[in-house]
Amino acid sequence: MNPFSKFTILLVSLALWTVHGFGQESTLKGTIKDPKGEPIPGIAIYLETQNTKGTVSNTQGEFVLKVNSGERIGVIFKGIGGSEKKEFFQLAPGQIKEFEIIYDNALTGKIIEIIEKVSDGITFRTLDIKLPTKLPVLNQGIEAYLIQAAVNIPSELSSSYSVRGGSFDENLVYVNEIQVYRPFLVRAGQQEGLSFPNPDMVSSIQFSAGGFQTKYGDKMSSVLDITYARPQKFSGSFQAGMLGTQLQLGGCNKKGNFTHNSGFRYKNYAYIFNSLDVAGDYKPRFNDFQTYITYRPKDKHAPLEFSFLGNYSSNRYNFIPQTRQTDVGTINEALRLTVYFEGQEISKYDTYFGAFSTRYQFSEKGQIRFTASAFNTQESEKFDILGAYRLDELDRDLGSDQFATILANRGVGAFLNHARNELNASVFQFAQKGEIRFAKDEHLLEWGFDVNYEDIQDQLSEWTIIDSAGYVTPHPRDSIGYIDPSIQGSQTIAFRDRIKAINLVQSARATAYVQETYKHAFENGHLINVNAGIRANYWSFNDQTVISPRFNLAYTPTWIQPAENLEKGDSVRKDIILKLAGGYYYQPPFYREMRGFDGNINPNIRAQRSIHLVAGTEYLFRAMGRPFKLVGEMYYKKLDQLIPYELQNVRQRYFATNSSQGYAYGADVMINGEFVKDVQSWFRLSYLKTEENILNDFYNIYLNSDGDTIYNGYTLNNIPVDTLTQIPGFIPRPSDQRVSVSLLFLDEMPNKPEFKVMLNFYFSTGMPFGPPDQQRFNDTYRTPAYIRADLGLSRDLFTKRKKKTNSFFETGNIALEIFNLLGVSNTINHEWIEDVNGRQYGIPTYLTGRRINLRLSLTF
């Protein structure tokens, strides 16, 4: 019996032994106090829709209330003889939300402030998506909200993101505890289309930038955990604009035991793509449909629940290029690349996803879930594009009448790009998860396992040929680009990036984890939260098993200030949490990491490894009489067994060998709160440094008879007489963006709060890049800084309508959005042009220019 069979039998045995339940209730925990910090007993707390389900604050002002998760819950607070006060909450499954309520007087029931406690998720943060208006960004996906966290986004056209020096493929994305995937063949942001999560269907978002728990999967960088809503009444939303439309509908039956949440999206970015460097006929069409259905037999409180999550996505990108003109350079050297095209590109990406889950709750403290899911992607990439180009030098004389016009020609040439790539990939999974609380709910034991089967069929046929002034390039070169003059005039036709392969990969994976969380509150109000666990992963392809121990620690000291020392408007209680997390994070390769530049699969590929150490704090405070939250983290990651890659636009091309080791360290600081009264804004600043050392790499420097270094295309005496061997050592990783800043600022017009303005700003320093020669040590150039500002001007609708007026629409918003407000030409990639002398020119490929969008949003 092979190791995989033994491991599977062990996991199935564990599942049969742990037949318990997994429910959907969440918990509200709070303390009610007066402005002097004294607890208020006897305050009634109950649900708006079910006044028989409630509780009363005890002598310490404390209360606990169980609520349904995934829905917007109205909770009533009422003092003796006082009026009612309603607040709304929306919790994820199993979430425990803690907060403190400050009353001005127990009899009036007036709430001065609700102070949410710092999260007890240790390394997870809850992202704010319930904004007064939608973010003014091109990509209306969930990824746009990640700028609140430690995330770098290389392109406004893509849903890809990197976290603390990791690649796009190092991030986990879950929807309702089920891992979801993105397309494989995408090579440019404009091809990508819609990401899986639909923001209109979301209830809550949790994000961890590192040091996450063992119950999350085997990736090295981050976890994005998304929960879809469970509507408790008929509701929906509609959005239409110049870039597309989307519709969301949800509701439940009279008993509340059947809920549905469905969404449809359609996007067409041709208007945006027409601002790119390459002019042509863009025909993008991206659409998807998702549905999330839950059913509980008998009534909505039944312990047994069935649910289904389904998705179909169809992304089409057809493009007929015509011309391109790009100016590049400085006052010392200004160049213009002009290209005339023939041919077209046709790309198709169809994905199908379905997951059926069964939950059973055998008691208030025990839960279990079984999930069977299937994912399939069918991708096709076909293009034949012929380009004839000329590279000209521009007049740089500021006093010349011919300034910025063509002064001289540097070279002419042509290229032909060809591809016929087809991929069909399927992933089937069976998973079981469970949890149980014990010892007065201070201990939480969680466990789970899953078995995956993967079937990937990939047919690759692509190549590029470049002809410069009648000479086919590239010329024969060594590792640093030196051209041997003795063979420079050979008649060999050399293809660049020639890939011809047919791959069939069928493999199975099995993972299991167990973790325990201990949470204890001391008599003085201090709180400690400890999580520790271990995770195992086995992959049949390389017969490798990896073990990942991880831990999380959070300590919450609480300082109570005497009432006489408080300034006006200051809160009684100031909360801070201190965090420490770490562990081993292995990442067994998926298909893209296994496939090398030549298209072939490396059968000896092994899992990459990252060892995390994260220390941080969260601090709730008041300034200017308003609440704020400060989050800061420092981290260090030791990286080894890495699989190096090159980044071209958003396409990652792997070397398919575990030939690198490295590190990443840095710090993130984020503050959010009411910079403008009653309106939330946030600001984030991050620093990162990540480098890697490619094992056993080196290059030669050639010297001529004059003792000068030979540079191709520049040195006249190019006959080498001596050679110096160099060891590159540590070099920046492709995701090494040293400094990044993000800002979301909201404001309202005085006395007319229905008029709003939202500024979304992002800045990051340049990323490493180099010529496409598959030599990582040459990737030491830096792109210019990425600077992006998007502005949204909006007006709320239906604001003057009387509360009791019957109307189909609840809220509405019309917005004028200005994308790329500053008109910055951001660089995403470089096209490398070579003349007959072997001199190479890196011509930048710019992202989108300034565009205006008009958008209407309605909820009902």
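About the criteria used
- Residues numbered from 1 in each chain as written.
- Predicted model: local features only at pLDDT ≥ 70, side-chain atom pairs only at ≥ 80, totals over all residues.
- Heavy atoms only, no water.
- Helix = DSSP H or I, 4+ residues; strand = E, 2+ residues; numbered from the N terminus.
- Buried < 20%, exposed > 50% of the residue type's maximum accessible area, 1.4 Å probe, protein only.
- Contact = heavy atoms within 4.5 Å.
- Areas by Shrake-Rupley, 256 points an atom, 1.4 Å probe, with all protein chains shown as cover.
- Pairing = 2+ DSSP bridges.
- Phe/Tyr/Trp six-rings, centres within 6.5 Å; stacked < 30°, edge-to-face > 60°.
- Lys NZ or Arg CZ within 6 Å of the ring centre and 35° of its normal.
- Polar contact = N/O pair within 3.5 Å; in protein donor to acceptor, adjacent residues only side chain to side chain.
- Patch = residues over 30% accessible without salt bridge, like charges linked within 9 Å, V, L, I, M, F, W, Y side chains within 5 Å.
- Salt bridge = Lys/Arg side-chain N within 4 Å of Asp/Glu carboxyl O.
- Core = buried A, V, L, I, M, F, W, Y, C linked by side-chain atoms within 4.5 Å.
- pLDDT = per-residue confidence, 0-100.

Assigned secondary structure in the protein chain consists of 4 helices and 46 strands. Scored against the burial criterion, the 860 residues of the protein chain give a buried share of 56%. Pairs at least 24 apart in sequence give 69% of the contacts found in the protein chain among residues at least 6 apart. As displayed, the protein chain has an accessible area near 36600 Å², and 57% of this comes from carbon and sulfur atoms.

Strand order in the open sheet formed by 5 strands is β9-β12-β13-β10-β11, with mixed pairing between adjacent strands. On the outer flanks of this sheet lie β9 (124–126) and β11 (178–179), each paired with one strand and no other. Relative to β11, strand β10 (residues 171–175) runs antiparallel, the two being bridged by 2 bridges. Considered in β11, the bridge of Tyr174 is made with Gln179.

The next subject is the packing of aromatic side chains. One pass over the full model with this rule turns up 36 aromatic pairs. With a centroid separation of 5.7 Å and 65° between ring planes, the pair formed by Tyr174 and Tyr216 is classed as edge-to-face. One end of the pair, Tyr174, is in strand β10; the other, Tyr216, is in the loop between β12 (202–208) and β13 (222–228), with 42 residues separating them in the sequence. Classification of Tyr216 by relative accessible area gives buried; the value is 10%. On the numbers, 5.9 Å between centres and 10° between planes, the contact of Tyr663 with Tyr665 is stacked. The class for Tyr663 is buried, based on a relative accessible area of 16%. Among the aromatic residues, those joined into a cluster by ring pairs are Tyr269, Phe273, Tyr282, Phe286, Tyr317 and Phe319. For Arg509, the ring lying beneath its charged end belongs to Trp539, and the centroid distance is 4.3 Å. In this structure, Arg851 is placed above the aromatic ring of Tyr271, and the distance from its NZ or CZ to the ring centre is 5.1 Å.

Turning our eyes to something else, we now look at the side chain of Ser57. Within the secondary structure, Ser57 sits in the loop between β3 (50–56) and β4 (62–68). In this structure Ser57 comes out as buried when scored by relative accessible area, which is 5%. A polar contact is formed between the side chain of Ser57 and the backbone oxygen of Ile40, at a distance of 3.0 Å. Engagement of the side chain of Ser57 in a polar contact is seen with the backbone nitrogen of Ile43, the distance being 2.9 Å. In this view, Ser57 contacts Ile32, Ile40, Pro41, Gly42, Ile43, Ile45, Glu62 and Phe63; residues no more than four positions away in its chain are not counted.

Taken together, the side chains of Phe234, Phe238, Leu247, Leu249, Phe264, Phe289 and Phe808 make up a nonpolar region of the molecular surface, amounting to roughly 650 Å² of accessible area. Inspection of the secondary structure assignment puts Phe808 in the loop between β42 (786–797) and β43 (811–819).

The next point concerns unusual backbone geometry. You will see that Asn176, though not glycine, has its phi angle at about 55°, which is positive. Mapped onto the secondary structure, Asn176 falls in the loop between β10 and β11. On the basis of relative accessible area, Asn176 is assigned to the buried category, the value being 6%.

Within the largest apolar cluster, 58 residues are counted, with the highest numbers of intra-cluster contacts made by Tyr161, Ile205, Phe207, Leu224, Ile226 and Tyr228. At the level of secondary structure, the elements contributing two or more residues to this core comprise β10, β12, β13, β19 (334–361), β21 (406–438), α4 (591–594), β34 (679–694) and β38 (739–749). Every residue in contact with Ile205, bar those within four places of it in the chain, is listed here: Arg125, Thr126, Leu127, Ile129, Ile142, Leu224, Asp225 and Ile226. In terms of nonpolar packing, the next biggest core, distinct from the first, is built from 33 residues, Leu138, Leu194, Phe341 and Tyr389 among them.

In strand β32 (residues 651–654), alternate side chains face the same way, and those of Arg651 and Arg653 on one face and Gln652 and Tyr654 on the other are all buried. Where strand β31 (residues 645–648) lies against β32, 4 bridges are found, and the strand directions are antiparallel. Note on β32: the bridge partner recorded for Gln648 is Arg651. Taking the residues between adjacent antiparallel strands as the criterion, β31 and β32 are bridged by 2 residues, where Asn649 takes a positive phi near 60°.

Moving on, we come to the environment of Phe273. Following the sequence through the fold, Phe273 ends up in helix α3 (residues 270–273). Residues Phe273 and Pro284, spaced 11 residues apart in sequence, show a C-alpha to C-alpha distance of 9.1 Å. Apart from the residues within four sequence positions on either side, Phe273 is in contact with Leu157, Gln190, Tyr282, Pro284 and Tyr317.

The next thing to look at is the environment of Arg324. Relative to the helices and strands, Arg324 resides in strand β18 (residues 304–329). Put simply, Arg324 and Leu276 are 48 residues apart on the chain and 9.1 Å apart in space, counted from C-alpha to C-alpha. Those residues within four positions of Arg324 in sequence are excluded, and the remaining contacts are Asp277, Val278, Leu337, Thr338, Val339, Phe341, Glu831, Ile843, Pro844 and Thr845. One polar contact links Arg324 to Thr326, side chain to side chain, over a distance of 2.9 Å. Of note is the side chain of Arg324, whose polar atom sits 2.9 Å from the backbone oxygen of Pro844.

Our focus in this paragraph is the pattern of salt bridges. Under the criterion given, the structure shown has 40 salt bridges. Asp169 serves as the salt-bridge partner of Arg592, at 2.6 Å between the closest nitrogen and oxygen. Here Arg592, found in helix α4, pairs with Asp169, found in the loop between β9 and β10; they are 423 residues apart in sequence, far enough to count as distant. For Asp458, the salt bridge goes to Arg595, with nearest N and O atoms at 2.6 Å. One end of the pair, Asp458, is in strand β22 (residues 443–468); the other, Arg595, is in the loop between α4 and β29 (608–623), with 137 residues separating them in the sequence. For the pair shown, Asp458 and Arg595 are each scored as buried. The structure contains a network of salt bridges with shared partners spanning Glu177, Arg230, Arg296, Glu305, Arg359 and Arg369.

This part is about the side chain of Asn152. Looking at where Asn152 falls in the secondary structure, it is placed in the loop between β9 and β10. A residue is classified by how much of its surface remains accessible, and Asn152, at 6% relative accessible area, is buried. A distance of 3.1 Å separates polar atoms of two side chains, one belonging to Asn152 and the other to Ser740. Residues within four places of Asn152 in sequence aside, it is in contact with Tyr161, Ser162, Arg684, Leu688, Gln737, Ser740 and Tyr762.

When pLDDT is averaged along the protein chain, the result is 83; 85% of the residues meet or exceed 70. Confidence over residues 3–24 falls short of pLDDT 50; this stretch has 55 contacts with residues more than four positions distant or in other chains. Scored below 50 in pLDDT, residues 560–574 makes 29 contacts in the model with residues more than four places away or belonging to other chains.

In this section: the environment of Asn672. With respect to the element layout, Asn672 can be found in strand β33 (residues 660–676). Considered as a pair, Asn672 and Phe683 are 11 residues apart in the sequence and their alpha carbons are 6.3 Å apart.

A few words on the pairing of β10. The side chains of a regular strand alternate, residue by residue, between the two faces of the sheet. By the criterion of burial, β10 is predominantly enclosed, with 5 of the 5 residues buried. Side chains Asn171, Val173 and Val175 project from β10 onto one buried face, and the interleaved Leu172 and Tyr174 project onto a second face that is buried too. Once β10 ends, the chain turns through 2 residues before running back antiparallel as β11, passing Asn176 with a positive phi of about 55°.

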